[in-house]
Amino acid sequence: MNRQQLSELTAFLAVARQKSFTRAAAQSGVTPSALSHAMRGLEERLGVRLLHRTTRSVSLTEAGERLFATLGPRLDEIEAELAALSALREKPAGLVRISADEISLKTILWPRLAPILREFPDIRVEIDSDYRLTDIVAERFDAGVRFGDIIAKDMVAVPIGPDARMLAFASPAYLDRAGRPQAIEDLTDHACINLRLPTYGGLYAWEFEEDGRERKVRVDGPLTFSSVFPILRAALDGFGIACLPDAVVQPHLDSGALEAVLTAFSPPFAGYHLYYPSRRQPTPAFALLVERLRWRS
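Reading guide: rules and limits
Residues numbered from 1 in each chain as written. Predicted model: local features only at pLDDT ≥ 70, side-chain atom pairs only at ≥ 80, totals over all residues. Heavy atoms only, no water. Helix = DSSP H or I, 4+ residues; strand = E, 2+ residues; numbered from the N terminus. Contact = heavy atoms within 4.5 Å. Core = buried A, V, L, I, M, F, W, Y, C linked by side-chain atoms within 4.5 Å. Buried < 20%, exposed > 50% of the residue type's maximum accessible area, 1.4 Å probe, protein only. pLDDT = per-residue confidence, 0-100. Arc of directions from axis to C-beta. Salt bridge = Lys/Arg side-chain N within 4 Å of Asp/Glu carboxyl O.

### A closer look at the side chain of Ser104
Part 1: Along the polypeptide, Ser104 turns up in helix α5 (residues 102–119).
Part 2: Non-local contacts of Ser104, meaning those with residues more than four positions away in its chain, are made with Leu109, Trp110, Val145 and Tyr272.

### What about the side chain of Arg97?
Part 1: With respect to the helices, strands and loops of the structure, Arg97 is situated in strand β3 (residues 94–100).
Part 2: When sequence neighbours within four positions are dropped, the list of residues in contact with Arg97 reads Glu126, Glu139, Arg140, Phe141, Asp142 and Ala143.

### Structural notes on the environment of Ala24
Part 1: Mapping Ala24 onto the fold places it in helix α2 (residues 21–28).
Part 2: Residues Ala24 and Phe12 lie 12 residues apart in sequence; the distance between their C-alpha atoms is 9.3 Å.
Part 3: With residues near it in sequence (within four places) discarded, Ala24 still touches Ala14, Val15, Gln18 and Leu35.

### Brief notes about the nonpolar core
Part 1: The biggest cluster of nonpolar side chains holds 59 residues, and the ones touching the most others in it are Trp206 and Phe208.
Part 2: Apart from the residues within four sequence positions on either side, Phe208 is in contact with Ala168, Ile184, Leu187, Arg213, Glu214, Arg215, Val217, Leu262, Phe265 and Ser266.
Part 3: Ala16, Ala24, Met39 and Leu75 belong to the second-largest nonpolar core, a separate cluster that totals 20 residues.

### Comments concerning unusual backbone geometry
Among all residues save glycine, negative phi is the norm, and among peptide bonds the norm is trans.
Part 1: The phi angle at Lys19 is positive, at roughly 55°, despite the residue not being glycine.
Part 2: Within the fold, Lys19 resides in the loop between α1 (3–18) and α2.
Part 3: With a phi angle near 60°, Leu262 is a residue other than glycine that sits in the positive phi range.
Part 4: Its location among the elements puts Leu262 in the loop between β13 (259–261) and β14 (272–277).

### Description of the confidence of the model for the protein chain
If pLDDT is low for a region, its predicted coordinates should not be looked at in detail.
Part 1: Confidence in the prediction of the protein chain, expressed as mean pLDDT, is 88, and 94% of residues score 70 or more.
Part 2: Put simply, helix α4 (residues 62–86) is where the protein chain has its lowest mean pLDDT, 76, and β13 is where it has its highest, 98.

### Describing helix α8 (residues 246–255)
The α-helix advances 3.6 residues per turn, and as a result positions three or four apart in sequence lie on the same side.
Part 1: Of all the positions in α8, only Asp246, Val248, Val249 and Leu253 are classed as buried. Projected down its long axis, α8 carries its buried residues within an arc of 140°, all on one side. Along α8, the residues that are exposed and aim more than 90 degrees away from the buried face are Asp254 and Ser255.
Part 2: Of the surrounding secondary structure, the elements contacted by the buried residues of α8 are α5, β7 (166–170), α7 (228–236), β12 (242–245) and β13.
Part 3: Immediately downstream of α8, the backbone of Gly256 shows phi near 90°, a positive value.

### A look at the pattern of salt bridges
Part 1: Throughout the structure, instances matching the rule amount to 12 salt bridges.
Part 2: Here Arg45 makes a salt bridge to Glu8, at a shortest N to O gap of 3.3 Å. Placement of the pair is Arg45 in helix α3 (residues 32–46) and Glu8 in helix α1, with a sequence separation of 37 residues.
Part 3: Residue Arg45 is classed as partly exposed on the basis of its relative accessible area of 40%.
Part 4: Close ionic contact of Arg180 with Glu259 constitutes a salt bridge, the shortest N to O distance being 2.8 Å. Placement of Arg180 in the loop between α6 (172–178) and β8 (193–195) and of Glu259 in strand β13 is noted, with a sequence separation of 79 residues between them.

Here it is, written out as structure tokens:
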């Protein structure tokens, strides 16, 4: 296989994964026209069409699906081995890609990651921050960060923070005005601040536990946000009751700016974990991050 053929196959994998010439070009650091030229060359050489192209989308043909299923894992193995070989030097180095939500990034991951990066400046980290349940294998992340109870069983999960709790809370001013709920059902009489989830567009159901049983509650109120920190701000400003992980709320509880309610119905659960595929061959840089980020209570 010559260099041009390898370049064409790499271009095909990029387009197949992204389902877009524009996104694949941005990830690969080339122009969309260069990728399109490489794909035409590959299809002409193989004598089969690999992609269905329209002005709005790109999809794989049957031949493209077969090539992608065969080629993708093998090229990933080659890239991982090359990364491991290049990392065999005195200092850990190279790129580590992590998927994390904004809460874990701000409260757990970044505070613990920053000193590691100062100590090992040759390690580069790319963090994609959102609330999607990202497929880290399909999107080629080295690892993800999520709560321990939602991580797939076939992943290696390493705790990077303490147990967590979902807390309902509000400002003292709001509670003095509207009253303090004593039972979960009392939330129906309150203005509650909702979070709209990005994956399916639904509203987050507040999670409690009563008499050993899980309870998920749909609440109502005048405000809905698609991000956590505006919810926190609205609660601080007295607009109602919100429900967020304790890591976000605790500094404001300590200062007295917020007050937790219904705490008897908010048991602890597995906190944030770094997770990655069990079959992954870790580079020295990745192995170092996993060991340094591991939570030791």
